[in-house]
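A look at the structure
Here are the chains, one letter per residue:
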Amino acid sequence: MNILKPFLSNILSIFHPKKTQIMKNLAVFDFDHTIIDDNSDTAIMKLVDKNKFSSELQKLHKAEGWTAFMQGVFQVLHENGITKAEISELVRKIPEVRGMSSLINKLYEDFSYDVIIISDSNTYFIDLWLQANNLSSKVLKVFSNPAEFDERGLLKIEMYHLQESCKLSTKNMCKGMIMEDFIKKQSEKGIIYNSVAYVGDGYNDLCPILRLNSNGLACCRDKYKCVDMVRRVKNGSFIDDKDQTLYFVKAELCVWESGYDILDYVGRLCN
């Protein structure tokens, strides 16, 4: 029987060949106040007078969440004659955070990074902005709340998913869960990420950062909420007075003001 083992092994390898593993790196980006230097959702609210947004709409945010609130915003814009063309033109012209286009291009072209976006904005805004800034081909996947215009010209938005397990995230989007699911699916295809960098600025960016391992890089925008929370966690403190859970950040911290800061940091690590 021992004599037959090598023979049987060779036969099995023919019918069940091992997957070739591709080793890469992964960069995960937030969108608002990270890639673009604004909040795409609140930016379009400037297309009408602020008095058009009722107190009932503000209450909807607290009761039903941000996605339901934004659907209400889109309804107000539609009722006030704001067209798809006007909304699209505004989104295309939102400025990038300085150096972000260069960073994404360099990560993709020079440092063997796959680039994905996980954002609580919406797919219409993000895809449109990437296309306008010649970045669509550099971003492998966009994870965001699905949105598209209907036949009446009303922008319709849906929640990305419904989750209740992560208390650091909104009910419609746990970025950490999305990131881990993506990495798992990629590994099943034979794509293994040596290191993962997460780039963000806000409260909902803490969850994915907590899920990075010691090879990871947490890139937090200076003077924004995320970097304060990560520093508190690294110092062994609670993230705020409301949440008395002790979290742990294993990843290295990179504090940035522009995309060039992150590019310099990644360049030093790679060298």
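Residues numbered from 1 in each chain as written. Predicted model: local features only at pLDDT ≥ 70, side-chain atom pairs only at ≥ 80, totals over all residues. Heavy atoms only, no water.

**Quick word on the overall build of the protein**
Note the threshold: Runs of E in the DSSP output that reach at least two residues are strands. Runs of H or I that reach at least four are helices, and both are numbered from the N terminus. Exposure classes here rest on a 1.4 Å probe applied to the protein chains alone. A residue is buried below 20% of its type maximum, exposed above 50%, and partly exposed in between. Any two residues whose heavy atoms approach within 4.5 Å are treated as being in contact.
Secondary structure assignment for the protein yields 11 helices and eight strands. Expressed as lengths along the three principal axes of its C-alpha atoms, the size of the protein is roughly 85 × 50 × 35 Å. Looking at the protein as a whole, 48% of its 271 residues are labelled buried. Restricting to contacts in the protein with at least 6 residues of sequence separation, those with at least 24 account for 68%.

**Some remarks on the sheet that holds strand β7 (residues 217-221)**
For clarity, the threshold we go by: Paired strands, in this sense, are two strands between which DSSP finds at least two bridges. Between N-to-C directions, angles cover 0 to 180 degrees, with each direction set by a line fitted to C-alpha atoms, over the stretch in contact for helices.
Read across the open sheet, the six strands follow the order β3-β2-β1-β6-β7-β8; overall the sheet is parallel. Each edge of the sheet is formed by a strand with only one pairing partner; in this case those strands are β3 (141-145) and β8 (252-256). Each neighbouring strand pair of the sheet contributes to a mean axis angle of 20°, computed without reference to strand direction. Two strands pair when backbone bridges link them, and strand β1 (residues 22-29) and strand β6 (residues 191-200) are joined in this way by eight bridges, in the parallel orientation. By the bridge assignment, N25 is partnered in β6 with S195. Helix-sheet contacts for helix α6 (residues 100-110) involve β1, β2 (113-122), β6 and β8, and the interaxial angle to β1 is about 165°. Where helix α11 (residues 259-270) meets the sheet, its contacts fall on β2, β6, β7 and β8, and the angle it forms with β8 comes to roughly 145°.

**A closer look at the pattern of salt bridges**
Threshold: Counted as salt bridges are all cases of a side-chain nitrogen of Lys or Arg within 4 Å of a carboxyl oxygen of Asp or Glu.
On inspection of all chains with the given rule, the structure shows 12 salt bridges. Here D110 makes a salt bridge to K106, at a shortest N to O gap of 3.3 Å. A residue pair is termed a helical-turn pair when its members lie 3 or 4 positions apart in one helix, as D110 and K106 do in helix α6 at four residues. Relative accessible area serves as the criterion here: at 47%, D110 is assigned to the partly exposed category. Residue D205 is joined to K175 by a salt bridge in which the shortest nitrogen-to-oxygen separation is 2.9 Å. Here K175 lies in helix α8 (residues 175-188) and D205 lies in the loop between β6 and α9 (206-210), a separation of 30 residues in the sequence.

**Thoughts on the pairing of β6**
β6 sits mainly inside the fold: eight of its 10 residues count as buried. The sheet contact formed by β6 and β7 spans four bridges and is parallel. Note on β7: the bridge partner recorded for G200 is C220.

**Topic: the packing of aromatic side chains**
Rule in force here: We call Phe, Tyr and Trp rings a pair once their centres come within 6.5 Å, taking the six-membered ring for Trp, and we label the pair stacked below 30 degrees between planes, edge-to-face above 60, and tilted otherwise. The criterion is that NZ of a Lys, or CZ of an Arg, lies within 6 Å of the ring centre and within 35 degrees of the ring normal, and then a charge sits over that ring.
Throughout the structure, instances matching the rule amount to eight aromatic pairs. Look at W66 and F69: their rings are 5.0 Å apart centre to centre, the planes differ by 40°, and that puts the pair in the tilted class. Taken together, the residues W66 and F69, both in helix α4 (residues 66-79) and three residues apart, mark about one turn of the helix. Of the aromatic side chains, those joined through ring pairs into one cluster are F74, Y124, F125 and F149. When the ring centre of F143 is taken as origin, the NZ or CZ atom of K141, which lies over that ring, is 5.8 Å away.

**Re the pairing of β8**
Here is the rule: For the handedness criterion, the strands are oriented away from the viewer, and a crossover whose path from the first strand over the helix to the second runs clockwise is classed as right-handed.
In this sheet, β8 lies alongside β7 in parallel orientation, the contact comprising five bridges. Along β8, the bridge assignment pairs C219 with C254. Each parallel crossover has a hand, and the one from β7 via helix α10 (residues 225-234) to β8 is right-handed.

**Section: α8**
Cut-off, in case you're wondering: One less than the number of residues in a helix, times 1.5 Å, gives the span that helix is expected to have. Think of it as the arc spanned by the lines of direction from the helix axis to the C-beta atoms.
With 14 residues, α8 extends 20 Å from end C-alpha to end C-alpha; this agrees with the ideal 20 Å at 1.5 Å per step. Those residues of α8 lying buried are K175, G176, I178, M179, F182 and Q186. Around the axis of α8, the buried residues are gathered within 165° of arc, so they sit on the same side. Set apart from the buried face of α8 by more than 90 degrees, the exposed residues are K184 and K185. Lining the buried residues of α8 we find β1, β2, β3, β6 and α9.

**Some words on the nonpolar core**
Inclusion rule: We define the nonpolar core as a collection of buried residues of types Ala, Val, Leu, Ile, Met, Phe, Trp, Tyr and Cys that are connected through side-chain atoms lying within 4.5 Å of one another.
In terms of nonpolar packing, the biggest core is built from 53 residues, with F29, I44, V73, F74, I117, W129 and I262 touching the most fellow members. Excluding residues within four positions of it along the chain, F29 makes contact with T34, I35, M100, L103, I104, L107, V115, I116, I117, I118 and V199. F143, I178, L210 and L212 belong to the second largest nonpolar core, which has 32 residues in total.

Honestly, it's all geometry; don't read function into it.
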